[in-house]
Amino acid sequence: MSSGAAPRSRFDWRGFVVPVLLVITAQVAAVVTHLQSDSLAAPSEILVAGIEALMDGTVLRATRDTLIMALSGLAIGVAVGLFLGLLLGLSRIADRLMEFSIEAFRPIPSVALIPVAMLVYGFGYRMEISIVAFATAWPMLLFTRSAVGSIEPRLVEVSRALGFGVLARVWKIILPAALPRIFVAFRLAVGIALIVAVTVEIAANPYGLGYTMMVAQQSLRPGLMFAILIWIGLIGWFLNALMIWAQHRLFGPAAMTAVQL
Amino acid sequence: MNKVEQTSKPRRAVREELIAFRNVNLDLGGRKILQDIDLAVGKGEFLCIVGPSGCGKTSMLRLIAGLFHVSKGEVLYRGKPVTKPRQDIAIVFQDYGKALLPWRTAAGNISLALEATDAPKAQREMRIAELLDKIGLTDHADKFPGQLSGGMQQRLQMARCLAQEPAVLLMDEPFGALDALTRQALQDEVLSIVAGSGTTVVFVTHDLEEAIYLGDRVIGLCPNPGRISAAFEVDLARPRDQLTTPEQPEFLRLRRELFDFIKEVETHEVLA
């Protein structure tokens, strides 16, 4: 309980054995077979294509577009989800009122909204942002609602006994108590935001990393395609690492027990 | 049943009435929890409530605290019906581990009670230091509840309640989960705090000796639904002493009477 277990921060080289071996094997195989392909590329080609794309700015521009859209959508989705989750967690009436609507809308796959969003907004930032917002609002809403609903009832009694009003109760008791679980939802939402943004770009929106990857594929440049794929993976990894770091910073030794995922 | 009703008639000391139950009934979820409770608690009185589990002891506290509402009758505080929680009535919960905010330090937990009042921010620090000192947690001000022992956590909860400067302190089996030595120390601490401040205490316990040791009066509830079925005046000198008080004949007599009462209630339950 009291120990603030340190994150697994020590570098362990053993984790890198498999990926490095795979890359070497791929390179050897490509060289040995004199690989000439429209769908595969040797690791060396991928590396070269990646460096070129980084240097001439295509990847950076695409990254900027994707991140702006993913993060804006995330911000809107998180805000809406958090607000509704708090409301539904706190008010039984609101929960009853919304229960059916939520269960009806939630199963809609967010990418199924692409045609609708395209009709409303056309191509561009707003269309993608709206879909990311829709996709990220759900985990925030559901986690927040259940986190608020499962707060230790004694704490709620304590705040009532002390005579706190609703706002003070939310701010001093309910949010801090629910925060570790809400943050878990936020981490999920961050991952979802990137996935949905890239998916929308691959499927429809002519911006960002997903679109750049599709263009590389359609112009038969597998090296560039794989380079961008790896780049997207790195961004995802970086965002997740950032979240884990933030989680440790925020919840440190006091409440780390509740946020393992 | 007859025997229970015959138990000692209270020789009421004359006190100003602070809390009163008038013919109180309480139903929760379709179950009758309390029935026809009539009770007056005097200003500065230390009242203990005992009884088997499920007899509505805790519900009585929650009614006084304004956390529950009566189904029939009324609960009066200073002559006015209790409708909602108020600053000058503090409640100490049994499960201190759940009642403290795990993300706040000891000092922060006490601060919570001060934040609920209009007390100016500048005075908080001083009040917190004062209260920590009063309950002997000065050296642990920056620790989180999870880093404190059970006894310290309960002390901390008491300090938070004292921060409200309560006229009434409600205590719900506060020492039930503590070891015997810690319990004795905390019992004496409560007594000395109360003796200095004239606070009225309503103390729920299932420990009969604790009830006699602490109380000016002990009332016994019987369950299904909860009713008051016995009352005992405790004529023991104060300050009380952990060693000599329980040796006094009056203590032993009350202990016997209370044990008989509980036994009576329990056999009655079994037969019914």
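Let me begin by describing the structure that accompanies this report. As a convention, each chain's residues are numbered from 1 in the sequence order in which they are written. Each chain gets a letter, beginning with A, and each ligand a number, beginning with 1, in the order they are written. Owing to the predicted nature of the model, reporting of local features is limited to residues with pLDDT of at least 70; listing and counting of side-chain atom pairs is limited to 80 or more, with chain, interface and lining totals taken over all residues. To obtain the side-chain values, all non-hydrogen atoms of the structure were used and water was disregarded.

1. Thoughts on the overall build of chain A
Definition in use: Only DSSP runs of H or I reaching four residues or more are called helices, and only runs of E reaching two or more are called strands; each is numbered from the N terminus. Only heavy atoms matter for contacts: two residues are in contact if any of them lie within 4.5 Å across the pair. Areas reported as accessible are Shrake-Rupley estimates using a 1.4 Å probe. Residue values count occlusion only from the protein chains shown. In summary, the charge assignment counts Lys and Arg as positive and Asp and Glu as negative, without counting His or the chain termini. In plain terms, the charge of a residue is placed at NZ if it is Lys, CZ if Arg, CG if Asp and CD if Glu.
A count of helices and strands for chain A gives 10 helices and zero strands. Going from the N terminus to the C terminus, chain A shows its helices and strands as α-α-α-α-α-α-α-α-α-α. C-alpha extents for chain A along the principal axes are approximately 75 × 50 × 30 Å. Across chain A, the fraction of contacts at a sequence separation of at least 24, relative to all contacts at a separation of at least 6, is 76%. When the accessible area of chain A is evaluated, it comes to approximately 14900 Å², of which 70% is carbon and sulfur surface. Distance between charge centroids for chain A: 13 Å, based on 18 positive and 13 negative side chains.

2. Considerations on the packing of helix H4 (residues 106-115) of chain B against helix H5 (residues 121-134) of chain B
Residues and elements named next belong to chain B. How we decide: Angles run from 0 to 180 degrees between N-to-C directions of axes, and those axes are lines fitted to C-alpha atoms, restricted for helices to the stretch in contact. Any angle that falls under 35 degrees is termed roughly parallel, while one over 145 is termed roughly antiparallel, one within 65 to 115 roughly perpendicular, and all others oblique. Crossings are sorted by hand: turned counterclockwise from the far helix by less than a right angle, the near helix makes the crossing left-handed, and turned clockwise it makes it right-handed. Think of it as three bins: nonpolar holds Ala, Val, Leu, Ile, Met, Phe, Trp, Tyr, Cys and Pro, charged holds Asp, Glu, Lys and Arg, and polar takes everything else, Gly as well.
Viewed as axis vectors pointing N to C, H4 and H5 meet at an angle of 120 degrees, and their least axial separation amounts to 10 Å. In this view, H4 runs oblique relative to H5, as classed from their interaxial angle. Along this stretch, H4 crosses H5, giving a crossing that reads as right-handed. Residue-level contacts link Ala 106, Ala 107, Ile 110, Ser 111, Leu 114 and Glu 115 of H4 to Arg 124, Arg 127, Ile 128, Leu 131 and Leu 132 of H5. Among the residues making up the contact of H4 with H5, the classes are represented as seven nonpolar, one polar and three charged.

3. Observations regarding the sheet that holds strand E10 (residues 227-233) of chain B
Strands in a sheet are paired, the pairing made by backbone hydrogen bonds, and the direction either parallel or antiparallel. Residue and element names in this part refer to chain B. Put simply, the rule reads: Paired strands, in this sense, are two strands between which DSSP finds at least two bridges.
Taken together, six strands build an open sheet; the order of strands is E6-E7-E8-E3-E9-E10 and the sheet is mixed. Of all strands in the sheet, those bounded by a partner on one side alone are strand E6 (89-92) and E10. For this sheet, the mean angle separating the axes of adjacent strands, direction not counted, is 20 degrees. Here strand E3 (residues 46-50) pairs with strand E8 (residues 200-204) via four bridges, running parallel. Opposite Phe 46, over in E8, you have Val 201 as the bridge partner. Running over the sheet, helix H2 (residues 57-65) touches E3, E6, strand E7 (168-172), E8 and strand E9 (217-222) and is turned about 150 degrees from E7.

4. Examining the nonpolar core
In globular proteins that are soluble, nonpolar side chains generally tend to be buried together. Short version of the rule: For our purposes a nonpolar core is just a set of buried Ala, Val, Leu, Ile, Met, Phe, Trp, Tyr and Cys residues, chained together by side-chain atoms within 4.5 Å. Each residue is placed in one exposure class: buried if its accessible area under a 1.4 Å probe, protein chains only, is under 20% of its type's maximum, exposed if it is over 50%, and partly exposed if it falls in between.
Counting 141 residues, the largest nonpolar core has Ile 19, Phe 21, Phe 46, Met 60, Leu 170, Met 171 and Val 202 of chain B as the members making the most contacts within it. Per element, the largest residue contribution to this core is 16 residues, and it comes from helix H8 (residues 166-203) of chain A. When neighbours within four sequence positions are excluded, Phe 46 of chain B is seen to be in contact with Val 190, Leu 191, Val 194, Val 201, Phe 203, Leu 214, Gly 215, Asp 216, Arg 217 and Arg 238 of chain B. Leu 88, Ile 102, Trp 138 and Leu 141 of chain A belong to the second-largest nonpolar core, a separate cluster that totals six residues.

5. Points about the interface of chain A and chain B
Heads up, the condition is: The term buried area refers to how much accessible surface (probe radius 1.4 Å) is lost by two components on association, counted for both of them together. By definition, a salt bridge exists where a carboxyl oxygen of Asp or Glu is found within 4 Å of a side-chain nitrogen of Lys or Arg. N or O atoms within 3.5 Å of each other form a polar contact, as long as, within protein, one can give a hydrogen and the other can take it, and as long as residues adjacent in sequence are counted only when both atoms are side-chain atoms.
At the interface, 16 residues of chain A touch 25 residues of chain B. Summing both sides of the interface, chain A and chain B together bury roughly 1900 Å²; the carbon and sulfur share of this comes to 65%. One salt bridge in this structure joins Arg 62 of chain B and Glu 157 of chain A, with 2.7 Å as the shortest N-O distance. The interface formed by chain A and chain B contains five residue pairs in polar contact (both at pLDDT 80 or more).

6. Digging into the packing of aromatic side chains
Note the following rule: Two aromatic rings, drawn from Phe, Tyr or Trp (for Trp, its six-membered ring), form a pair once their centres lie within 6.5 Å of each other, and the interplanar angle then sorts them: stacked below 30 degrees, edge-to-face above 60, tilted otherwise.
For the structure on display, the rule yields six aromatic pairs over all chains. Seen in terms of ring centroids, Tyr 125 of chain A and Tyr 207 of chain A are 6.0 Å apart; in terms of plane orientation they differ by 75 degrees. Their pairing is edge-to-face. Pair noted here: Tyr 125 of chain A is in helix H6 (residues 125-149) and Tyr 207 of chain A is in the loop between H8 and helix H9 (208-218), with a separation of 82 residues, a long-range link. With 6.5 Å between their ring centres and 70 degrees between their planes, Phe 232 of chain B and Phe 261 of chain B make a pair best called edge-to-face. Within this pair, whereas Phe 232 of chain B is found in strand E10, its partner Phe 261 of chain B is found in helix H9 (residues 249-271), the two being separated by 29 residues in sequence. Looking at Phe 232 of chain B, the relative accessible area reads 1%, which means it is buried.

7. Remarks on H8 of chain A
Put simply, the test is: To estimate how far a helix should extend, the number of its residues minus one is multiplied by 1.5 Å. To get the bend at any residue, fit one axis to the seven residues that end at it and another to the seven that begin at it, then take the angle between the two axes.
Given a rise of 1.5 Å per residue, 38 residues ought to cover 56 Å, yet the end C-alpha atoms of H8 of chain A are separated by just 45 Å, more than 12% below that figure. Of all bends in H8 of chain A, the biggest is about 55 degrees, found at Leu 179 of chain A, and the proline Pro 180 of chain A comes one to four residues later.

8. Points about the pattern of salt bridges
Counting across every chain of the model gives 23 salt bridges over all chains. Arg 64 of chain A serves as the salt-bridge partner of Asp 65 of chain A, at 3.3 Å between the closest nitrogen and oxygen. Looking at Arg 64 of chain A, the relative accessible area reads 45%, which means it is partly exposed. The partner of Glu 17 of chain B in a salt bridge is Arg 22 of chain B, with the nearest N and O atoms 3.1 Å apart. Through salt bridges with shared partners, one network takes in Arg 154 and Glu 157 of chain A together with Arg 62, Asp 95 and Asp 172 of chain B.

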